Amino acid sequence: MAKGIWVFAEQREGQVKKVSFELLSEGRKVADQLGEELCAVLVGKNVSDLTEAVSAYGPDKIYVIDNDALENYTTDGYTNAVSDLVKKYEPSVLLFGCTVTGRDLSAQVAQRFQTGLMTDCTGMEVVDGQLVFTRPIYAGKAIVKASCPEARPAMATIRPNTFAAVENAKQAEVINVEYGAGDIRQVIKDIIRQVSERPELTEANIIVSGGRGMKGPENFKLLEDLADVLGAAVGASRAAVDAGWVSHSFQVGQTGKTVSPVLYIACGISGAIQHLAGMSSAKCIVAINKDEEANIFKVADYGIVGDLFEVVPILTEELKKIMAS
Amino acid sequence: MKILVCLKQTFDTEAKITLDSNGKIESKGVSMIMNPYDEFAVEEALRIKEKGEGEVTVISVGGQQTQDALRQALAMGADKAVLVDPGEIELDEFSTATVLAKTIGGMEYDIILGGFRAIDDGSAQVVGRVAELLNIPVVNVVTKLEIEGGKALATREVEGGSEVIEVALPAAFTAQKGLNEPRYPSMKGIMKAKKKPMDKKTLADVGLDENQIAAKVKALSFSLPEARQAGKVIPGEAAEAAKELARLLREEAKVI
Ligand SMILES: Cc1cc2nc3c(=O)[nH]c(=O)nc-3n(C[C@H](O)[C@H](O)[C@H](O)COP(=O)(O)OP(=O)(O)OC[C@H]3O[C@@H](n4cnc5c(N)ncnc54)[C@H](O)[C@@H]3O)c2cc1C
Ligand SMILES: Nc1ncnc2c1ncn2[C@@H]1O[C@H](COP(=O)(O)O)[C@@H](O)[C@H]1O
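Below is a summary of the structure that appears in this document. Since the model is a prediction, treat every value here as computed from it, not as a measurement. (Residues numbered from 1 in each chain as written. Chains lettered and ligands numbered in written order. Predicted model: local features only at pLDDT ≥ 70, side-chain atom pairs only at ≥ 80, totals over all residues. Heavy atoms only, no water.)

## Considering the interface of chain B and chain A
Definition in use: The contact criterion used throughout is that any non-hydrogen atoms of two residues lie within 4.5 Å. A simple way to read buried area is as the amount of 1.4 Å-probe accessible surface that goes missing from two parts once joined, with both sides added. A carboxyl oxygen of Asp or Glu within 4 Å of a side-chain nitrogen of Lys or Arg is what we treat as a salt bridge. Residues are grouped as follows: Ala, Val, Leu, Ile, Met, Phe, Trp, Tyr, Cys and Pro are nonpolar; Asp, Glu, Lys and Arg are charged; all remaining types, including Gly, are polar. Any two strands with at least two DSSP-identified bridges between them are counted as paired. Here a helix means four or more residues in a row that DSSP labels H or I, a strand means two or more in a row labelled E, and each is numbered from the N terminus.
On the side of chain A, 89 residues touch chain B, which itself brings 77 residues to the contact. Taken together, the two surfaces of chain B and chain A that pack against each other cover about 7100 Å², and 55% of this comes from carbon and sulfur. When the buried area of chain B at its contact with chain A is split by residue, Glu159, Lys177 and Arg228 of chain B rank highest and sum to 12% of it. Across the chain B-chain A interface, the total number found is eight salt bridges. Two residues, Arg156 of chain B and Asp104 of chain A, come together in a salt bridge whose shortest N-O distance is 3.4 Å. In terms of residue class, the side of chain B that touches chain A is made up of 41 nonpolar, 15 polar and 21 charged. In the sheet, strand β10 (residues 142-147) of chain A pairs with strand β12 (residues 218-223) of chain B via five bridges, with the strands oriented antiparallel. Pairing of Ile143 of chain A across the sheet is with Ser223 of chain B, part of β12 of chain B.

As structure tokens, this is what we get:
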């Protein structure tokens, strides 16, 4: 009998991702409704130190695989580790944050157990004793509700910022499991970090984005200043990326990142359908654009029709005052 | 070097989505394109081939109109196309990957390329699943790929940076934007493509029956999202408006 709602507690360099806490918080609710236990899975090197941080979000148990071979994420290493646990303890549900790692890992584990995986979800609910997931598809132009009724574990990846992370400390039982060596065919030759104080785009609560209206790469400094006041990430439209002003990792949209921040500030972005596809699930959208007919105003909660080169610096100053108060 | 490219035909990014009378996504009358990420995969395959010797085969699971996307790849320069038409059954990523892996299992290959994600109902899992089924390594979201001496060095995008991964071939890779700039098919390429082989198969031809590929995920209902309402445009000169916006974000929207 499969049992347990499991959350993959994603960590990188000794930090558990916020999305994992979000999933544990919401996981607690569905586990209680289904009468199942809530468990976290922690995989890596020296991750035993992280069990306390994970416990704060209320799992009943934490399965830990701590091994030198798992210091850095590799597809095979982590797939082997998580699969060993799944095989041994047979959870009924396995949840991941929809991050680069969550996506990569979940697909491999899902196929190893020949089960279903619903990705990029923005909701989950219990309906007739089944977990039903909400997934935006066709770049958010349609929504499907889906479940994995038979195969186990039922798997899903869930977008960061979908649920609130709510502390609910519990004395979780920690279960250490050996890493059953397996081939790791991906050999990491190099890791290149872009040092940035700013949050990761897909996880950020606030995003300040620029488009063709920024006119050139040097002007992104304006957005960075605004972002720094808000603790925000910086994003961009494809036009800004294609012009070579910022790297593709900044692109928001159908062929860029999908983001659901609390606040999205679009500066000099017209609001093409492919851009909206990546950000229209933001809770609050602000548009600053000099063209009052721009499509972005159709989705914006607040708009300023004006020259961003005038508006943004003043906004930055105003917000600085407000944030300090 | 034998290179296989998994290619999906998807809705055009401009397509308006509606529901049909059964409450499913209406596909009639929608213009279709090659999944944009798969264009990067096709291009990369061609570049690898052009550096040495090789053959590029594009493979798709889909209905007969998927031939258009396959022809486009042939026009870009791919050598052969394989289309597996599973008929009128519901597929999920498990099903699609099973069909692809079964088809590929009977072929020779050194490299499998695909897109990192299909932009329609895609979910960034089909190629990974295929790799798992074929028991070969996968490297996802690749922005640079170098092949040498039976090995590949792949640069992949990760949060906050990138990683360089080495794998031995055969291996699978999924393309991220940045990998290359896909070429447009030339007139000559389009003419040539008409004569290139298009191998059309059924499920039975690849040795599968419907039960073996029954979807694990069941779609329960489809809906269209409520259109976002336009909010307020803040009047006034730049300074005034910016100040008011800052106030509204804190006091009304309570997002900062
Ligand atoms: C297959 C495909 C995939 C795509 N994927 C994506 C994607 O993932 N993400 C994406 O963003 N796009 C994507 N696009 C491109 C998309 O269609 C648009 O071309 C793009 O989003 C436009 O970017 P933009 O809004 O910055 O530029 P524009 O549309 O040129 O808009 C610039 C805006 O800036 C305003 N402006 C100019 N100067 C100022 C100023 N001084 N002050 C204030 N406002 C000013 C203008 O009024 C205008 O509205 C895709 C397209 C295709 C075909
Ligand atoms: N029906 C299909 N036929 C061939 N390749 C596919 C198909 N579906 C998905 N793929 C491949 O898998 C990649 C990821 O798709 P997905 O997992 O659906 O997001 C695509 O970019 C294609 O390379």
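Let's pick the thread back up.
## Description of the site of ligand 2
Residues and elements named next belong to chain B. As a reminder of what qualifies: Whether a residue is near a molecule or strand is decided by its heavy atoms; if any one of them lies within 4 Å of it, the residue is near. Each polar contact in these results corresponds to two N or O atoms within 3.5 Å; when the atoms are within protein, one needs to be able to donate a hydrogen and the other to accept it, and residues that are neighboring in sequence are counted only if both atoms are side-chain atoms. The accessible surface values rely on the Shrake-Rupley method and a 1.4 Å probe; as for residues, cover is taken only from the protein chains in view.
Ligand 2 sits among 20 residues. The nearest are Cys6, Asp38, Ser123, Ala124 and Gln125. At a separation of 3.3 Å, a nitrogen atom of ligand 2 approaches a polar backbone atom of Leu7. In the model, an oxygen atom of ligand 2 is placed 2.8 Å from a nitrogen or oxygen of the Val126 main chain. Its free accessible area being 480 Å², ligand 2 has 97% of it covered by the protein chains. Every element with two or more residues in the shell around ligand 2 is listed here: β4 (55-61), α3 (93-105), β6 (111-115) and α4 (126-134). A per-class count over the shell around ligand 2 returns nine nonpolar, eight polar and three charged.

## Observations regarding the sheet that holds strand β8 (residues 151-158) of chain B
The criterion, for reference: What counts as an axis is a line fitted to C-alpha atoms, over the stretch in contact for a helix, and the angles between N-to-C directions run from 0 to 180 degrees.
The strand order across the open sheet built from ten strands is β13(A)-β9(B)-β8(B)-β7(B)-β10(B)-β6(B)-β1(B)-β4(B)-β5(B)-β11(B), with neighbouring strands paired in mixed fashion. This sheet does not close on itself; its edge strands, each paired only once, are β13 (187-193) of chain A together with β11 (198-202) of chain B. On average, each strand axis in the sheet is tilted by 25° relative to the strand beside it, whichever way the strands run. The sheet contact formed by strand β5 (residues 80-85) of chain B and β11 of chain B spans five bridges and is parallel. Looking at the pairing, Leu83 of chain B lines up with Lys200 of chain B of β11 of chain B. The sheet contacts of α3 of chain B involve β1 (2-6), β4, β5 and β6 of chain B, and relative to β4 of chain B the element is tilted by about 145°.

## Structural notes on the site of ligand 1
In the region of ligand 1, 27 residues are neighbours, and Arg212, Ser237, Thr255, Ser270 and Gln274 of chain A sit closest. Around ligand 1, the nearby residues trace back to chains A and B. Between ligand 1 and the protein, one listed contact pairs an oxygen atom with a side-chain N or O atom of Arg212 of chain A at 2.6 Å. In this structure, an oxygen atom belonging to ligand 1 sits 3.3 Å away from a main-chain N or O atom of Gly256 of chain A. The protein chains hide 81% of the 980 Å² of surface that ligand 1 would expose on its own. Of all the secondary-structure elements, those providing two or more residues to the shell around ligand 1 are α6 (238-242), α7 (273-279) and α8 (308-324) of chain A. Here the residues of the shell around ligand 1 are counted per class, giving six nonpolar, 15 polar and six charged.

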